[in-house]
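Each chain, letter by letter, is given below.
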Amino acid sequence: MSLPRVSRILRGPPSTIPSYCFRGRAEQLSANWKGTNASGDSTKNFIGGQFVESKADNFIDVVDPSTQTLLTRVPETTSSEFESAVDAASQAYKSWSRTSVLTRQRFVLELQHQIRSNADALASSIVLEQGKTFADAHGDVLRGLQVVETACGITSTLLGDKIEVSKDMDTETRRLPLGVCASIAPFNFPAMIPLWTIPMAAVTGNTLIVKPSERDPGAAMIIAELCERAGLPPGVLNVVHGTVPTVNAICDHPGIKAISFVGGDRAGKHIYERGTKNGKRVQANMGAKNHAVVMPDANKNTALNSILGAAFGAAGQRCMAISVVVLVGNARSWLSELVDRAKKLKVNGGFEEGADLGPLITPTAKQRVSSLIASAEEEGGRIILDGRDIEVPGYPDGNFIGKFPSAERCAKEEIFGPVLTVLPADTLDDALSIVNANKYGNGTAIFTQSGATARKFEREVEVGQIGINVPIPVPLPMFAWSGNKASVLGDIAFYGKSGINFYTQNKTITSLWRAEDAIGNKASVDMPTMR
Ligand code: NAD
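A quick note: this is a predicted structure, and the numbers were derived from the prediction, not measured. (Residues numbered from 1 in each chain as written. Predicted model: local features only at pLDDT ≥ 70, side-chain atom pairs only at ≥ 80, totals over all residues. Heavy atoms only, no water.)

## A few points about the site of the ligand
Close to the ligand lie 28 residues; Ala 185, Glu 214, Gly 264, Met 286 and Glu 414 are nearest. Gly 263 places a polar main-chain atom, nitrogen or oxygen, 3.2 Å from an oxygen atom of the ligand. In the model, an oxygen atom of the ligand is placed 2.6 Å from a nitrogen or oxygen of the Glu 414 side chain. Protein chains shield 89% of the accessible area of the ligand, which is 840 Å² for the free molecule. Class assignment of the residues belonging to the shell around the ligand gives a composition of 16 nonpolar, eight polar and four charged. For the shell around the ligand, the two domains that each supply at least three residues are domain 1 (23-286) and domain 2 (290-468). (Near = heavy atom within 4 Å. Polar contact = N/O pair within 3.5 Å; in protein donor to acceptor, adjacent residues only side chain to side chain. Areas by Shrake-Rupley, 256 points an atom, 1.4 Å probe, with all protein chains shown as cover. Nonpolar A, V, L, I, M, F, W, Y, C, P; charged D, E, K, R; others polar. Domains from an automatic or database assignment.)

Next comes the structure, spelled out in structure tokens:
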């Protein structure tokens, strides 16, 4: 079946100039913020409370993915700069770890205010460097902000345990920070993912070195400045840039106690193995392939709209994107309507009014996604809605791709683009077999009006985050991330109670203050039995 290309739908009145004022936003960001730049100059490191120009020999270009305009150059941090970041974090740890929990709580309270007040700047940086739409960029900031807000409950969540284990003998548990920690981030959520770790590490008394994605470091730099404004002492948060050498330095440095990683499988496995071999605590969130199962009794409107939003939002560059829809029984007849609705989504530059999805991060990503789409036909699948040759007026050089419900590689591999694979199933059991055969376990969703069907699905599906009539079931941060199978390495998940566990180590103290000792009793030499 051949359907019109998305580009045809987009062809409206001719316009060659993007309607947003690119230069204005870029200049504003460069002028207003100390660490980030969107006018072609380099991005700074943030070490010991100072935004410092790197003396690196190698810089990586960051370009606007909708125009290929050079925004900034990111340094491959030198070994001595990296060493100063670890030194600054180690020095700061001595006092920050001894700062009262109330002081640390005040920092996160103020940080949430700073982020709220500066959300537009953060979102602008994200649109420029990452390409998502302005509204979606605000969502990126908001989901990070929610971690900051949850961290404000530290005075309750850090409470330890205490019980009198024997007469006059108490055992108490205290949760103490680990030391200098590190956080390595991916490109797809430039604000949210640094904010998964910064508030949690700091509020528990740790110091942190963040390495943002070299493809979009701006939001992390703005966040660093907001932390400074929120009263975080120098050295508690440090930001260093770079690629594999900087990551390896993090994995190898004996002064770093724990690493949080979010990104792809290759880097995740490498960092987990190298970090744990060096005795560090490592949590690694990696790739995904998320299925939505649509039952014939589902509310069609809710199901189709939810699935399209979750498949194509952020151009499919979300680890919780729905990338496979399984239409069960008569729901198979809804395919043409799904396609019709997909055609109505607008592909455009992220600042453009009404844009639903922006470009992919790089021309290489576009090439990879295009070749995966081509593999669908080579493997006997059908490309129903093809947007590979999309033309977006005003953005001739952008990494745009349309959207295509479509087959083997497409059904199994993480595509990380606006591609929705459609698979048929006769029964719920068949659908469950399809979902469970996938190696990943990040997210899944079912659309049904039957509680019993939903119950069977959530019991039997082997995926860690399940939506029932909810397309992207990312838990709010009072709950911990719970992706499973090949989507994670490490046992202690991000944020929630688990986040507190990740950033703390327990000490149990058992003390005996025998009342009769007060009057000078005879010492006991027997092994304490705690009766
Ligand atoms: P990526 O793995 O390419 O990069 C992530 C980080 O690792 C970056 O900071 C990068 O500099 C570093 N890195 C990259 N390759 C490396 C290597 N060979 N050795 C050491 N370090 C390396 O990931 P990305 O393309 O930026 O992000 C997309 C991926 O992230 C997708 O697979 C997506 O599913 C995943 N992701 C997962 C979650 C989750 O919570 N499960 C959330 C967001 C993104």
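Let us keep going from here.
## As for the domain arrangement of the chain
As assigned here, the chain comprises domain 1 (23-286) and domain 2 (290-468). With centres defined by C-alpha atoms, the gap from domain 1 to domain 2 works out at 31 Å. Taken together, the 21 residues of domain 1 in the interface contact 23 residues of domain 2. In this assembly, domain 1 packs against domain 2 so that about 1,800 Å² is buried in total across both faces, 60% of it on carbon and sulfur atoms. Joining domain 1 to domain 2, the criterion identifies two salt bridges. With a closest N to O distance of 2.9 Å, Asp 136 and Arg 318 form a salt bridge. Taken together, the connections running from domain 1 to domain 2 amount to seven residue pairs in polar contact (both at pLDDT 80 or more). Those elements giving two or more residues to the side of domain 1 that touches domain 2 turn out to be α5 (119-130) and α6 (134-151). Of the residues that constitute the side of domain 1 that touches domain 2, the class distribution is six nonpolar, eight polar and seven charged. (Contact = heavy atoms within 4.5 Å. Buried area = accessible area lost by both parts, 1.4 Å probe. Salt bridge = Lys/Arg side-chain N within 4 Å of Asp/Glu carboxyl O. Helix = DSSP H or I, 4+ residues; strand = E, 2+ residues; numbered from the N terminus.)

## Here's the deal with the nonpolar core
Counting 70 residues, the largest nonpolar core has Phe 107, Ile 115 and Trp 196 as the members making the most contacts within it. Looking at which element gives the most residues to this core, the answer is helix α8 (residues 192-203), with nine residues. If you count residues domain by domain, this core takes at least three from each of domain 1 (23-286) and domain 2 (290-468). In this structure, Phe 107 is in contact with Trp 96, Ala 202, Cys 227, Ala 230 and Leu 232, ignoring residues within four places of it in sequence. (Core = buried A, V, L, I, M, F, W, Y, C linked by side-chain atoms within 4.5 Å. Buried < 20%, exposed > 50% of the residue type's maximum accessible area, 1.4 Å probe, protein only.)

## Let's talk about the side chain of Thr 197
By the element assignment, Thr 197 lies in helix α8. Residue class for Thr 197 comes out buried when judged on its relative accessible area of 1%. Among the polar contacts made by the side chain of Thr 197, one reaches the side chain of Ser 183 at a distance of 2.9 Å. Beyond its immediate chain neighbours, meaning those up to four positions away, Thr 197 contacts Ser 183, Leu 208, Ser 260, Phe 494 and Tyr 503.

## Some remarks on the pattern of salt bridges
Within the structure shown, the criterion is met by 21 salt bridges. As a salt-bridge pair, Asp 252 and Arg 274 come within 2.6 Å of each other at their nearest N and O atoms. Here Asp 252, found in helix α10 (residues 244-252), pairs with Arg 274, found in helix α11 (residues 265-277); they are 22 residues apart in sequence, far enough to count as distant. Take Asp 252: its relative accessible area is 35%, and that puts it in the partly exposed class. Assessed through its relative accessible area of 28%, Arg 274 is described here as partly exposed. A salt bridge links Glu 460 to Lys 456; its shortest N-O distance comes to 3.3 Å. Linking Glu 460 with Lys 456, this pair stays in helix α17 (residues 451-460), spanning four residues, or about one helical turn.

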